[in-house]
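These are the residues of each chain, in order.
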Amino acid sequence: MLFLTYWKLNEGLSAQETNEIATSLTQEGLFPPEGAEVIRWDVTPDQWGIVLWEADDYRAVNNGLTMWRAAAGEKAFFEETRTAPAAPVEEVIPETAALLEQLK
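About the cut-offs
Residues numbered from 1 in each chain as written. Predicted model: local features only at pLDDT ≥ 70, side-chain atom pairs only at ≥ 80, totals over all residues. Heavy atoms only, no water. Pairing = 2+ DSSP bridges. Helix = DSSP H or I, 4+ residues; strand = E, 2+ residues; numbered from the N terminus. Salt bridge = Lys/Arg side-chain N within 4 Å of Asp/Glu carboxyl O. Buried < 20%, exposed > 50% of the residue type's maximum accessible area, 1.4 Å probe, protein only.

(A) Layout of the pairing of strand 2 (residues 36-43). As judged from the seven bridges shared by strand 2 and strand 3 (residues 48-55), these two strands associate in the antiparallel manner. Each residue of the ladder has a partner; that of Arg 40, found in strand 3, is Leu 52. Turn length for the strand 2-strand 3 hairpin, with the two strands adjacent in sequence and antiparallel, is four residues, and the turn residue Gln 47 shows positive phi of about 65 degrees.

Rendered as structure tokens:
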């Protein structure tokens, strides 16, 4: 199952702090978490980005986000996150068409 996470970094953390946390979690093998594969992980110049994950259920994705939050200690690593199941548009269009046909 695909999940899409939008995230925005806490601007109260310094670039040094965020880089140290990212380096630690990735080099220690804590991110991505067990049970989740990261398909895409992008960042913008404004310090927000997305992660496109594949996981069997929400637990692995939740564990991944929890790692980032815990690694920042008392400070919040993220200013905001939004996570939801996702699907490729080319799959959703025919599924929606079939559903709409059933509703006629």
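Now, onward.
(B) Structural view of the pattern of salt bridges. Scanning the model with the defined rule gives six salt bridges in all. For the salt bridge of Glu 17 with Lys 75, the shortest nitrogen-to-oxygen distance reads 2.8 Å. In this pair, Glu 17 sits in helix 1 (residues 15-27) while Lys 75 sits in the loop between helix 2 (58-71) and strand 4 (78-86), placing the two residues 58 residues apart along the sequence. Owing to a relative accessible area of 25%, Glu 17 belongs among the partly exposed residues under this scheme. Where Asp 42 meets Arg 40, a salt bridge forms, and the shortest distance between an N and an O atom there is 2.7 Å.

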